[in-house]
Amino acid sequence: QGPGVVSVGKNTSTFRVQVPPNVKPGEEFQVYAGAKIVKVRCPRNVRPGQSLQISVPVDPADRANSNGSGNSREGSAGSTSDAKGGGGGMLGGPPSLPDIIPDSDNVSKVPNQTLAPGEQPAYMVRIPEGVRGGTQFPVTINGQQLMVTCPNMARHPMQVRIVPPPPPKNARGMDGRQNGNGGGGGPGGQLNGGGQLPRRIPNRVLNPNKQSSDKTQMFEVVVPTGVRPGQPFALLAGGVRVLVTCPKNAIPGKTIRFHLPIGLVNANKDGGPKSKLAEIKLSYDKDGWTRTIRATDMKFQWTRFDTDGNVDTRNRFDTERSAYVRKLDWEADDDRMRKGRVSLVTPEKGVVDSKIKSANGTDLVTFQDIATAQNKNYEDKIQWFQDTCAQLCVEWNEGHMRMNVRRDYLLSDSMEAVMSLSRKDLRKVWRFEFIGEAGIDAGGLAREWFELVTEEVFDPDMGLWQTSATNQMCMQINPASEISCPDDHLIYFRFIGRVMGKAMFDRQLVKGHMVKHMYKHILGWPIMFNDLKDIDEEYYNSLKGLKDLGADLEYVGIDFTATEETLGVKQTVELIPNGADVDVTQENLPEYIEACLKYRMLGRYEAQVNELLLGFFDVIPEPLLTIFDFQELELLMCGLPSIEMEDWKKHTEYSGEYDRDGPNHDVCVWFWEVVSEYDQELKARLLQFVTGTSGVPAKGFGSLQGNDGNVRKFTVHGVTLETCVYPRSHTCFNRIDLPLYEEREELEEKLKIAITMASTGFDIE
């Protein structure tokens with residue numbers, strides 16, 4: 001039984017197969033498509049080692065068994081048919097169904113073997129022409145397709161001796177008898193012994209927030225002072241920020257009218273629990289960047305407010321207040337492989353739809369549903385998100401996917417399978433089978449698959465990701481991933497995007513924490529200059545230092561370029577067109593810092609981020625993500641950490657004003673009392689605030705690392721109230737600056753505001 005993925009419930013199954021060595025264009029070769037052997041003709045433009053996508057008709061017995069019948073399938077385990085390759089080749093005709101799967105022509109069984117009970121016989125395999133030492137070639141032995149590695153010193157026509165693994169219980173051997181009990185050998189594996197395939201049908205629930213979006217209510221508002229015609233200003237409607245554009249004929253003090261859907265205004269009057277972040281936002285006017293709803297088209301847009309609560313409309317880049325958001329422009333809406341291009345734009349251009357359509361074209365989620373969900377607490381947000389995903393999931397009787405993978409080739413088999421699926425297939429129920437292993441996927445195999453695949457993808461040795469220079473717990477994209485995987489590194493990023501999206505869709509977890517700005521890119525959250533500090537503090541400080549040079553900056557001799565070094569080879573990258581010819585001066589310094597920020601946050605791995613996002617949104621509709629902040633997204637994808645309070649306190653250091661008394665200082669005692677009372681979400685947010693991630697090292701807090709790779713324990717640093725009013729963090733050093741508060745209640749209030757407002761990008765100083 002070979003690796004692949006089959007769509008159960010349809011007339012055809014789709015597979016990705018690899019052209020074997022020494023096969024020339026136009027020649028035929030045999031491969032396994034699930035449990036069938038099919039003949040494929042190599043297209044003219046394809047060479048050995050490349051992949052083809054083929055479609056194979058599904059036997060009626062296959063479809064019957066996929067519905068849980070468990071009956072034995074006579075004659076299907078070794079079926080052979082013809083298939084034509086090339087971009088998803090079609091079968092040349094209906095498959096024939098031989099009773100016996102023949103061994104490859106270059107295989108012969110070693111004669112006169114004396115075998116112990118359970119021992120497998122040995123075979124001699126002649127190395128095919130053109131196969132070099134260290135490369136693999138396929139053979140079929142006793143109904144199994146195997147990959148044989150040619151020894152380094154061997155070549156055609158030499159022979160190698162191999163002992164194949166025992167055939168699967170549902171495979172048909174050379175004697176024509178089926179091994180094992182029942183359960184035909186199709187991809188995905190049926191239940192042995194005539195059992196019933198588990199039917200975990202997703203719950204389909206009515207949206208509790210569904211309201212009519214047709215009825216509107218008229219509002220009157222006075223244009224605020226300082227607002228010019230055509231300029232936007234914000235107001236609160238039912239606890240939701242709404243962005244209104246001042247008409248061209250209106251002036252400050254004049255009353256204007258506009259309409260809003262009644263559902264939006266009443267969205268937050270359901271009496272349900274609001275999130276801690278929502279409570280704080282409604283209590284404080286200055287909340288930095290806020291996602292608002294445009295009254296003109298009901299789309300979400302990011303807006304920044306100045307100190308007076310008015311919309312900040314400044315145009316020139318400012319290191320303290322300016323931001324960029326990623327925008328994904330779709331170029332082709334193909335069902336299987338959509339195309340698009342990612343870029344960083346100013347926040348007002350990064351709009352997101354506030355509606356989600358169902359498969360039949362009706363509104364599944366409206367803006368008032370999302371507005372209500374945004375103000376829910378974390379647990380209720382997750383429940384709403386999962387209920388909505390259940391409604392987007394394709395029903396079991398419309399088809400489900402069976403995934404067959406070899407454990408020794410887990411990543412390549414999984415990538416080939418997942419990348420052959422359409423967007424609709426990605427929202428079907430998946431069932432997994434590790435080839436050659438007994439097991440029924442009732443949920444455990446799926447958990448294992450997601451864990452193993454994401455763990456392998458994030459492994460720095462794979463070359464796609466690398467450990468963050470400032471946080472050893474976080475992974476960032478390797479800009480030189482093309483060197484590690486020259487032929488398919490972008491395919492792997494599309495693949496991991498799909499896997500991440502499917503994990504969220506199916507309530508599974510991802511085995512790997514990413515750097516903060518990657519979660520912001522997925523959400524389309526504002527990227528600010530301070531975010532640069534989290535990935536390269538030295539570079540961040542050097543850019544800040546340029547502002548202190550004043551007029552002497554032009555003597556430094558820098559231009560609008562950056563230098564990349566890969567494997568000892570340096571390359572100059574222009575940050576703007578003809579950047580090598582533009583010197584950095586005091587006048588254009590803001591534009592230079594802006595260009596550096598855009599390059600470091602996206603430009604140097606734009607292609608990889610582009611593919612990851614395309615894959616992610618193949619599964620998850622972008623409007624669904626607008627209810628989360630980037631901290632919540634990390635918790636949702638990676639899970640709430642298991643935090644042992646005693647271990648945390650034991651491995652905490654104290655400095656500054658707390659150096660002498662340490663944990664016995666009154667403020668430190670209050671701090672741990674407050675933290676101990678936090679729920680798991682707030683404890684995780686505190687970790688994110690101080691260390692940059694919610695991840696806890698496997699060996700506990702005693703092995704927490706800093707940006708230099710050395711152990712830097714969680715540190716509480718005492719400062720005076722004159723230094724800062726709110727707690728502040730230094731993620732590179734895992735340190736929180738905790739002011740000398742005079743009362744426990746003040747510490748509790750200020751700490752809660754600091755760790756919860758961290759996701760808004762607002763400087764609470």
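Heads up: the structure comes first, above all this text.
Before going into details, it helps to say that this report is about the structure given with it.

What counts and how
Residues numbered from 1 in each chain as written. Predicted model: local features only at pLDDT ≥ 70, side-chain atom pairs only at ≥ 80, totals over all residues. Heavy atoms only, no water. Helix = DSSP H or I, 4+ residues; strand = E, 2+ residues; numbered from the N terminus. Buried < 20%, exposed > 50% of the residue type's maximum accessible area, 1.4 Å probe, protein only. Areas by Shrake-Rupley, 256 points an atom, 1.4 Å probe, with all protein chains shown as cover. Phe/Tyr/Trp six-rings, centres within 6.5 Å; stacked < 30°, edge-to-face > 60°. Core = buried A, V, L, I, M, F, W, Y, C linked by side-chain atoms within 4.5 Å. Contact = heavy atoms within 4.5 Å. Pairing = 2+ DSSP bridges. Polar contact = N/O pair within 3.5 Å; in protein donor to acceptor, adjacent residues only side chain to side chain. Expected span 1.5 Å × (residues − 1). Axes fitted to C-alpha atoms, helices over the stretch in contact; angles between N-to-C directions. Salt bridge = Lys/Arg side-chain N within 4 Å of Asp/Glu carboxyl O.

## What to know about the overall build of the protein
Each helix and strand counted, the protein has 19 helices and 33 strands in total. In the protein, which comprises 765 residues, the share counted as buried stands at 53%. Accessible surface, the protein: about 34,100 Å² in total, of which carbon and sulfur atoms supply 46%.

## Re the packing of aromatic side chains
Overall, the coordinates contain 19 aromatic pairs when judged by the stated rule. Taking the centre distance of 5.6 Å and the plane angle of 70 degrees together, the rings of F385 and F628 count as edge-to-face. Here F628 lies in the loop between α14 (606-617) and α15 (630-638) and F385 lies in helix α5 (residues 378-392), a separation of 243 residues in the sequence. A residue is classified by how much of its surface remains accessible, and F628, at 1% relative accessible area, is buried.

## Notes on the nonpolar core
W449, W465, F495, I620 and M637 are the most contacted members of the largest nonpolar core, which totals 128 residues. Considering each element in turn, this core owes the most residues, nine residues, to helix α10 (residues 489-505). Other than its neighbours up to four places away in sequence, M637 contacts M500, M504, Q508, L509, V510, M514, Y519 and F616. Counting residues in hydrophobic clusters, the runner-up holds 29 residues, among them F671, Y678, L686 and L687.

## Overview of the pairing of strand β18 (residues 323-332)
As judged from the two bridges shared by β18 and strand β27 (residues 527-528), these two strands associate in the antiparallel manner. Among the inter-strand pairings, Y324 is bridged to a residue of β27, identified as I527. Bridging between β18 and strand β19 (residues 339-345) involves seven bridges; their strand directions are antiparallel. For W330, the partnering residue across the bridge sits in β19 and is G340. Here β18 hands over to β19 after six residues, the two strands then running antiparallel side by side.

## Section: the side chain of Q301
With respect to the element layout, Q301 can be found in strand β17 (residues 300-304). Within the structure, Q301 has its side chain in polar contact with the side chain of R294 (distance 3.4 Å). Excluding residues within four positions of it along the chain, Q301 makes contact with L243, T290, R291, T292, R294, P347, E348 and V351.

## Let's talk about helix α18 (residues 680-691)
Side chains three or four residues apart in an α-helix point the same way, a direct result of the helix having 3.6 residues per turn. Taking 1.5 Å per residue as the helical rise, α18 with its twelve residues ought to reach 16 Å, and the 16 Å between its terminal C-alpha atoms agrees with that figure. Across the twelve residues that make up α18, a large majority, eleven, are buried. Within α18, burial applies to E681, L682, K683, A684, R685, L686, L687, Q688, F689, V690 and T691. Following α18 by one or two positions, G692 adopts a phi angle in the positive range, close to 95 degrees.

## Re the side chain of S694
Note on placement: S694 falls in the loop between α18 and β31 (714-719). Residue classification places S694 among the buried residues on the basis of a relative accessible area of 0%. If we ignore the near neighbours within four places in the chain, the residues touching S694 are H513, E634, L635, P641, A684, L687 and Q688.

## Quick notes on the environment of E653
When you line up the elements, E653 lands in strand β30 (residues 652-656). A relative accessible area of 43% means that E653 is categorised as partly exposed. Spatially, the C-alpha atoms of E653 and P663 are 8.6 Å apart, while their sequence positions differ by ten residues. Contact partners of E653, with chain neighbours within four places excluded, come to K713, F714, T715 and V716.

## Description of the sheet that holds β30
Strand order in the open sheet formed by four strands is β30-β31-β33-β32, with mixed pairing between adjacent strands. Unpaired on one side and paired on the other, β30 and β32 (728-730) mark the two borders of the sheet. On average, each strand axis in the sheet is inclined to that of its neighbour by 25 degrees, with strand direction left out of account. Bridge analysis of β32 against strand β33 (residues 735-739) gives three bridges, and the strand direction is antiparallel.

## Comments concerning the pattern of salt bridges
A complete count under the given rule lists 35 salt bridges for this structure. Between D353 and K299 there is a salt bridge whose closest N-O contact spans 3.4 Å. Of this pair, D353 sits in the loop between β19 and β20 (356-357) while K299 is found in the loop between β16 (289-294) and β17, placing the two residues 54 residues apart along the sequence. Where K649 meets E646, a salt bridge forms, and the shortest distance between an N and an O atom there is 3.6 Å.

## A word on the sheet that holds strand β8 (residues 123-126)
On the basis of which strands lie adjacent, the open sheet formed by three strands has the order β7-β8-β11 and antiparallel pairing. Where the open sheet ends on each side, the last strands, each with one partner, are β7 (107-109) and β11 (159-162). Pairwise comparison of adjacent strand axes, ignoring direction, gives a mean angle of 25 degrees for this sheet. Taken together, the four bridges between β8 and β11 define a ladder with antiparallel strand orientation. If you follow V125 over to β11, its bridge partner there is V160.

## A look at helix α4 (residues 367-374)
In terms of burial, α4 is a largely internal element, eight of the eight residues being buried. Along α4, the residues classified as buried are F367, Q368, D369, I370, A371, T372, A373 and Q374.

## Observations concerning unusual backbone geometry
In the Ramachandran plot, M298 falls in the positive-phi region, its phi being about 60 degrees despite a non-glycine side chain. Within the secondary structure, M298 sits in the loop between β16 and β17. A residue is classified by how much of its surface remains accessible, and M298, at 10% relative accessible area, is buried.

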